[in-house]
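# Structure at a glance
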Amino acid sequence: MILAWVISLLLLCASLVVHLERLTALRIVEFKTLEIAQQNFIAAEKAVSDCENHFTTLSLLSDNPCFIQPISKTIWLITSKQKPAIQVHIAFDEKSGTATRINWRQVFE
């Protein structure tokens, strides 16, 4: 009887170790996924910010990192080409040549 009890405790401990190993592996994957997602988000925000800062000279660039669409005469929509896509509405003042960010959002597919 005691032998069966000891064996059941050993099997329970082995099962616990297996579950802890799986949980640790899942946590490692989770942290790596979050790290990659944050890097991609920062890169997309940087691309949109560059397009916003150099709005008047974007036609001179050979590799444009954004899609640009006019919304009205002074309001433009800038969308990053890389994922996750970020959209920014800007108001462009032609007299001063400045672009002011109105809002931004992440595009979900």
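Residues numbered from 1 in each chain as written. Predicted model: local features only at pLDDT ≥ 70, side-chain atom pairs only at ≥ 80, totals over all residues. Heavy atoms only, no water.

### Focus: the state of the cysteines
Rules: Whenever a pair of cysteine sulfur atoms sits within 2.5 Å, that pair is classed as a disulfide. In DSSP terms, a helix is any run of H or I states spanning at least four residues, a strand is any run of E spanning at least two, and both are numbered starting from the N terminus. Here the term buried applies to any residue with accessible area under 20% of the maximum for its type, exposed to any over 50%, and partly exposed to those in between, with areas from a 1.4 Å probe on protein chains only.
Scanning the model with the defined rule gives one disulfide in all. The residue that forms a disulfide with C51 is C66, at a sulfur-sulfur distance of 2.2 Å. Taking the sign of the torsion about the S-S bond as the criterion, the disulfide between C51 and C66, at about 100°, is right-handed. Of this pair, C51 sits in helix α1 (residues 2-53) while C66 sits in strand β1 (residues 66-70), and the two are 15 residues apart along the sequence. Given the relative accessible area of 1%, C51 is considered buried.

### Focus: the confidence of the model for the protein chain
Spelled out, the test is: pLDDT expresses how confident the predictor is about each individual residue, on a scale running from 0 to 100.
Residue-level pLDDT values for the protein chain average 86, and 95% of them are 70 or greater. The element-level mean pLDDT for the protein chain is lowest in strand β4 (residues 98-106), coming to 84, with α1 highest at 92.

### Some details on the sheet that holds β1
Defined as follows: Here, strands pair whenever DSSP counts at least two bridges between them. Every axis corresponds to a line fitted to the C-alpha atoms, with the helix fit spanning only the stretch in contact, and the corresponding angles, defined between N-to-C directions, vary from 0 to 180 degrees. The contact definition used throughout considers only heavy atoms, calling two residues in contact when any of these lie within 4.5 Å.
Taken in spatial order, the four strands line up as β1-β2-β3-β4 in an open sheet, and their pairing is antiparallel. Two strands in the sheet have a free side with no partner beyond their single neighbour: β1 and β4. Adjacent strand axes in the sheet meet at a mean angle of 25°, parallel and antiparallel pairs treated alike. Against the sheet, α1 touches β1, β2 (75-80), β3 (86-93) and β4, its axis set at about 155° to β4.

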